[in-house]
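# Structural characterization, general
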Amino acid sequence: MQYYYTRKNPDARGVIQVHADRCKDLPVVLERIYLGIFPNANLAISSAKEKLQLTKVRICACCKE
Ligand SMILES: [Zn+2]
């Protein structure tokens, strides 16, 4: 299980990135939203879509698996 966060602001293509807390690209505290603790990235993404009403959500490249 890992802690997951979303970046507050979307990137240039309107995509919100999700990061695990071990990520080296994890946004600083003021630029991230705590999502919760999940066993994998797919569940974190589902939760972000549901809770934050987002449609374009991607896991950070180094946080897959
Ligand atoms: Zn990452």
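Structure: above.
Described below are features of the structure shown in this document. Keep in mind that this is a model prediction, so the values were computed, not measured.

## As for the overall build of the protein
Helix and strand counts for the protein stand at one helix and four strands. In the protein, the succession of α and β elements from N to C terminus is β-β-β-α-β. Since a compact globule built from 65 residues should have a radius of gyration of about 11 Å, the 10 Å found for the protein is in line with a globular shape. Considering only C-alpha atoms, the protein reaches an extent of 30 × 25 × 20 Å along its principal axes. The buried share of the protein, taken over its 65 residues, is 35%. Sequence separation of at least 24 residues holds for 56% of the intrachain contacts in the protein that already meet a minimum separation of 6.

## Topic: the coordination of the zinc ion
Bound to the zinc ion are the protein donor atoms Cys23 (SG), Cys60 (SG), Cys62 (SG) and Cys63 (SG), situated 2.2 to 2.4 Å from the metal. Of note is the zinc ion, whose four donor atoms meet at the metal with angles of 96 to 121° in an arrangement that counts as tetrahedral. The sequence pattern formed by the donor residues of the zinc ion is C-x36-C-x1-C-C. Judged by relative accessible area, which is 33%, cysteine 62 ranks as partly exposed. Taking the relative accessible area as the measure of exposure, cysteine 63 reaches 0% and is therefore buried.

## Some thoughts on the side chain of histidine 19
Here histidine 19 shows up in strand β2 (residues 16-20). For histidine 19, a relative accessible area of 1% corresponds to the buried category. A polar side-chain atom of histidine 19 sits 3.2 Å from a polar atom in the side chain of glutamine 17. The contact partners of histidine 19, leaving out residues within four places of it in the chain, are Tyr3, Tyr4, Tyr5, Arg7, Asp25, Leu26, Pro27, Cys60 and Cys63.

Thresholds applied
Residues numbered from 1 in each chain as written. Predicted model: local features only at pLDDT ≥ 70, side-chain atom pairs only at ≥ 80, totals over all residues. Heavy atoms only, no water. Helix = DSSP H or I, 4+ residues; strand = E, 2+ residues; numbered from the N terminus. Rg over C-alpha atoms; globule rule 2.2 N^0.38 Å. Buried < 20%, exposed > 50% of the residue type's maximum accessible area, 1.4 Å probe, protein only. Contact = heavy atoms within 4.5 Å. Donors = N, O, S within 2.8 Å, 3.2 Å for Na, K, Ca; no water. Tetrahedral: all angles 85-135°; square planar, octahedral: opposite > 155°, others 65-115°. Polar contact = N/O pair within 3.5 Å; in protein donor to acceptor, adjacent residues only side chain to side chain.

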